[in-house]
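As a plain string of letters, each chain reads:
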Number of protein chains: 2
Amino acid sequence: MKKKYQVVGIGNALVDVLTHMDDDFLHEEGIGKGVMQLIDRERARDLYAKIGPAIEMSGGSAANTIAGVAKLGGTCAYVGKVCDDQLGEIFAHDLRAQGAVYETAPAPDGGEHETGRCVVIVTPDGERSMNTYLGVTEHLSPADIDEEMMRDAEWIYLEGYRFDGPDSHEAFARAIRAAKGAGGKVAITLSDPFCIDRHREAFARMIREDVDLLFCNRAEMISMYQTVDLEAALARAAAEVEIVACTDSENGAHILAHGQRWHVPAVPTDIVDATGAGDLFAGAFLWGITNGHDLETSGRMGCIAASEVISHLGARPEADLKERFASHGLSA
Amino acid sequence: MKKKYQVVGIGNALVDVLTHMDDDFLHEEGIGKGVMQLIDRERARDLYAKIGPAIEMSGGSAANTIAGVAKLGGTCAYVGKVCDDQLGEIFAHDLRAQGAVYETAPAPDGGEHETGRCVVIVTPDGERSMNTYLGVTEHLSPADIDEEMMRDAEWIYLEGYRFDGPDSHEAFARAIRAAKGAGGKVAITLSDPFCIDRHREAFARMIREDVDLLFCNRAEMISMYQTVDLEAALARAAAEVEIVACTDSENGAHILAHGQRWHVPAVPTDIVDATGAGDLFAGAFLWGITNGHDLETSGRMGCIAASEVISHLGARPEADLKERFASHGLSA
């Protein structure tokens, strides 16, 4: 099945605003550590006024994944909404400069919403606490889904965070119909435990009916299946989808498929900023399986890519990932 | 002389767009290595389309210096023009969040110009080659100079790059009159050899008539006095201004004042990105002398601060500079 794109991602198009603050600040501001919380425009302004100097880098979970596929030389595209403003220009530039196709029409500047942004507060332990003002990216509509692009995808990759938008479920449904109708496959990432809480039924239905590959981490898996027993949750997931890839921080990743199971070890590194670890795991894993690598090898590639991205500030890869694979004995 | 501000800087307000490219790219694009060149809006768009993924960080030479003074806990303010757009908001936020006063009225959004930006291309050796689209910051006018703020300054710090704007000489003259009239002193940085070429007479006159403290590096000193003999240039400068502080890369800095001369060694570090070295030298030096430290100690502080800023990407300090001073035996 050779198609134009190995992976097409759909997600929230965000520019990350990264700053270093201490744990006291999180406490004072009531910010949940290590998770993503949605904030409105007013809170975004208030929070921005309180944080220290920051740097801006393109982000967005699925966009980071697609940037990873592109960095590896994979053919890929991204769908996500920005405004025709300076942050939107930055987002579009960085994705295209990495080699991904990005054609979603920007919303006009000067309207009700701006390009979305995520204030990422990095604490001294490298953990990241995310405060997302979705802005215009919340309003991705079914009309933004290019069905031809979906038909051209070996895999579409759906970002769980996108369940929050008003038309997002419908947009996903359109993408899934087009992709599956042309023999494509569907991957989803659960994104965040609290996002699952907000949309558990919709996630469950999509997993049962449409998903071929489920990405998540331990906390998300536990939230999804409402059990503290990871093993029980993994078993339930594996009964519903063809492939489960569950990352587990320093324990690496668990991959379940076709009645088999693999454990892939994490690649130790000094954590500078945990942002993007799961995104890059997914990017390298998808690149691996669409390049004919087996699931275990693809999982190892995922862990190597995750390790690279957490060793520096920012959620997109900087080093040559294929070189990293080679240094771990994996021929890419 | 205890005033409201230890230092007030006037400069080009820019957001840096940093990217890693190799030397071949510089060659293909005709970009002069290690220097600043001005580009127009069209070229800025063209160049941006050609570079890889980038990150955005507030920059601007004098603004970096003021950020350094603020990071050290000094009282300081900055004057420089941005637009009321997203990049302008980023610039203003980062300076205020660092503790500097920044009150220059932004130009309205949607006009002819946007907030200025500097595409900084960092090559593998850590050298930075700067391509500046000045945008609205070129149009800082005498009306933007708050005379009361200038009177409140122990030192005003003038960025040589600002000689390029149409009203900039007049704006500088207004600032100098106000500051000197209230017993304040005037520091200038020569900024760049090619900027000196464009405005040598204006620089020379200002140095002769108004400047108390001249900051420059070796290349700028040589350009200013049109001699390849650094010693001869230093002697000429020292005859014209009270204090000369000339940085000299890995050779540290030469400080000349009142017929005396000091050599301050550089602080060795791995160079990640040379952007901001001179800016931070000036910031720490000014903080030093306005806190009662002697010229040699202030010069050592300058070299320590420069060493910090070149050890990471970006032109503003990240580490606790006072701790760095202490680790070198300097009590701040």
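Here, every reference points to the structure presented above.
Residues numbered from 1 in each chain as written. Chains lettered and ligands numbered in written order. Predicted model: local features only at pLDDT ≥ 70, side-chain atom pairs only at ≥ 80, totals over all residues.

Just give me the short version of the overall build of chain A, but keep the residues and values in it.
A count of helices and strands for chain A gives 13 helices and 14 strands. Against the globule reference of 20 Å for 332 residues, chain A gives a C-alpha radius of gyration of 18 Å, in line with a compact fold. For chain A, the spread of C-alpha atoms along the principal axes amounts to about 50 × 40 × 40 Å. Evaluated residue by residue, chain A yields a buried proportion of 56% over its 332 residues. Counting contacts in chain A only where the partners sit at least 6 residues apart, residues at least 24 apart contribute 75% of the total. (Helix = DSSP H or I, 4+ residues; strand = E, 2+ residues; numbered from the N terminus. Rg over C-alpha atoms; globule rule 2.2 N^0.38 Å. Buried ≥ 20, exposed ≤ 12 C-beta atoms within 10 Å, placed from the backbone. Contact = placed C-beta atoms within 7 Å.)

Describe the pairing of strand β2 (residues 14–20) of chain B, naming the residues involved and giving the relevant values.
Residues and elements named next belong to chain B. By the criterion of burial, β2 is predominantly enclosed, with five of the seven residues buried. One ladder, built from seven bridges, connects β2 with strand β7 (residues 116–122); its direction is parallel. Bridge pairing in β7 places Val17 opposite Val119. (Pairing = 2+ DSSP bridges.)

Could you give an account of the relation of the copies chain B and chain A, with specific residues and numbers?
Expressed as a screw operation, the relation of chain B to chain A combines 0.0 Å of axial shift with a rotation of 180°, fitting to an RMSD of 0.0 Å. The operation mapping one copy onto its partner corresponds to a two-fold rotation axis. Identified as the residue of chain B closest to the rotation axis by C-alpha distance is Glu56 of chain B, at 2.5 Å. (Least-squares fit on C-alpha atoms with pLDDT ≥ 70 in both.)

Any details on the packing of helix α3 (residues 61–71) of chain A against helix α11 (residues 277–290) of chain A? Residues and values, ideally.
Residue and element names in this part refer to chain A. Where α3 contacts α11, the two axes come as close as 8 Å, and the packing angle between them is 40°. On the basis of their axis angle, the class for α3 and α11 is oblique. α3 and α11 meet at a crossing whose hand is right-handed. On the side of α3, the interface is formed by Ser61, Asn64, Thr65, Ile66, Gly68 and Val69, while α11 contributes Asp279, Leu280, Ala282, Gly283, Ala284, Leu286 and Trp287. For the contact of α3 with α11, the class distribution of residues is seven nonpolar, five polar and one charged. (Axes fitted to C-alpha atoms, helices over the stretch in contact; angles between N-to-C directions. Parallel < 35°, antiparallel > 145°, perpendicular 65-115°, else oblique. Left-handed = near helix turned anticlockwise from the far one by under 90°. Nonpolar A, V, L, I, M, F, W, Y, C, P; charged D, E, K, R; others polar.)

Just give me the short version of unusual backbone geometry, but keep the residues and values in it.
Phi is positive for His258 of chain A, which is not a glycine, with a value near 50°. With respect to the secondary-structure elements, His258 of chain A resides in the loop between β13 (253–257) and β14 (260–264). The phi dihedral of Ser191 of chain B falls on the positive side, at around 75°, and the residue is not glycine. By the element assignment, Ser191 of chain B lies in the loop between β10 (185–189) and α7 (193–198).

Which residues make up the interface of chain B and chain A, and what values do they have?
Taken together, the contact pairs 19 residues of chain B with 19 residues of chain A. Of all elements in the fold, only β4 (55–58) and α4 (86–97) of chain B reach the threshold of two or more residues within the side of chain B that touches chain A. Among the residues forming the side of chain B that touches chain A, the class breakdown is nine nonpolar, six polar and four charged. Sheet topology places strand β4 (residues 55–58) of chain A next to β4 of chain B; three bridges connect them, and they run antiparallel. Within β4 of chain B, the residue paired with Glu56 of chain A across the bridge is Glu56 of chain B.

Go over the environment of Asp192 of chain B with me, naming the residues and quoting the values.
Residue and element names in this part refer to chain B. Considering the arrangement of structural elements, one finds Asp192 in the loop between β10 and α7. Distance in space between the C-alpha atoms of Asp192 and Leu213 is 17 Å, their sequence separation being 21 residues. The residues contacting Asp192, other than those within four sequence positions of it, are Val35, Met36, Gly160, Tyr161 and Glu220.

Could you give me a rundown of the sheet that holds β2 of chain B, with the residues and numbers involved?
The strand order β3(A)-β8(A)-β7(A)-β2(A)-β4(A)-β4(B)-β2(B)-β7(B)-β8(B)-β3(B) describes an open sheet built from ten strands, whose pairing is mixed. Each edge of the open sheet is held by one strand with a lone partner, namely β3 (36–38) of chain A together with β3 (36–38) of chain B. Averaged over all adjacent pairs, the angle separating strand axes in this sheet is 25°, with direction ignored. Relative to strand β8 (residues 128–133) of chain A, strand β7 (residues 116–122) of chain A runs antiparallel, the two sharing six bridges. Across the sheet, Val122 of chain A pairs through a bridge with Arg128 of chain A, a residue of β8 of chain A. Contacting β2 (14–20), β4 and β7 of chain A together with β4 of chain B, helix α4 (residues 86–98) of chain A runs over the sheet at an angle of about 50° to β4 of chain A.

So what about the packing of helix α11 (residues 277–290) of chain B against helix α12 (residues 295–310) of chain B? Which residues, and what values?
Residue and element names in this part refer to chain B. Running from amino to carboxyl end, α11 crosses α12 at an angle of 145°, the nearest separation of the two axes being 7 Å. Crossing angle aside, the handedness with which α11 passes α12 is right-handed. Counting all contacts with α11, which are made through Ala277, Leu280, Phe281, Ala282, Gly283, Ala284, Phe285, Gly288 and Ile289, the residues of α12 involved are Leu295, Thr297, Ser298, Gly299, Met301, Gly302, Cys303, Ile304, Ala305, Ala306, Val309 and Ile310. In terms of residue class, the contact of α11 with α12 is made up of 15 nonpolar, six polar and no charged.

Report on the sheet that holds strand β5 (residues 76–79) of chain B, specifying residues and quantitative values.
Residues and elements named next belong to chain B. The nine strands lie next to each other as β6-β5-β1-β9-β10-β11-β12-β13-β14, forming an open sheet whose pairing is mixed. The open sheet has two edge strands with one neighbour each: β6 (101–102) and β14 (260–264). Pairing analysis gives five bridges linking strand β11 (residues 213–217) to strand β12 (residues 243–247), with the strands arranged parallel. In the sheet register, Asn217 faces β12, and the bridge partner there is Thr247.

For the environment of Ala305 of chain A, give the residues involved together with the corresponding values.
All names here are of chain A. Mapped onto the fold, Ala305 is located in helix α12 (residues 295–310). Overall, Ala305 belongs to the buried group, with 31 C-beta atoms counted inside 10 Å. When the C-alpha positions of Ala305 and Lys322 are compared, they lie 9.3 Å apart, and in sequence the two are 17 residues distant. Residue contacts for Ala305: discarding those within four places in its chain leaves Gly68, Leu280, Phe281, Gly283, Ala284, Pro317 and Leu321.

Now, about α4 of chain A: what can you tell me, with residues and values included?
All names here are of chain A. If you check α4, its first and last C-alpha atoms are 18 Å apart, about what 13 residues at 1.5 Å a residue would give, namely 18 Å. Of all 13 residues in α4, ten are buried; the element is thus mostly enclosed. Within α4 the residues assigned to the buried category are Gln86, Leu87, Gly88, Glu89, Ile90, Phe91, Ala92, Asp94, Leu95 and Gln98. Gly99 lies just past α4 and shows a positive phi near 110°. (Expected span 1.5 Å × (residues − 1).)

Give me the lowdown on the environment of Arg236 of chain A, citing residues and values where you can.
Examined against the element boundaries, Arg236 of chain A turns out to sit in helix α10 (residues 230–240). Here Arg236 of chain A falls in the partly exposed class, since 16 other C-beta atoms lie within 10 Å of it.

Tell me about the pairing of strand β1 (residues 5–10) of chain A, residues and numbers included.
All names here are of chain A. Of all six residues in β1, six are buried, a share of seventy percent or more. Sheet topology note: the β1/strand β9 (residues 153–159) ladder contains five bridges and is parallel. Bridge pairing in β9 links Val8 to Ile156. Note that β1 and strand β5 (residues 76–79) share four bridges and pair parallel.

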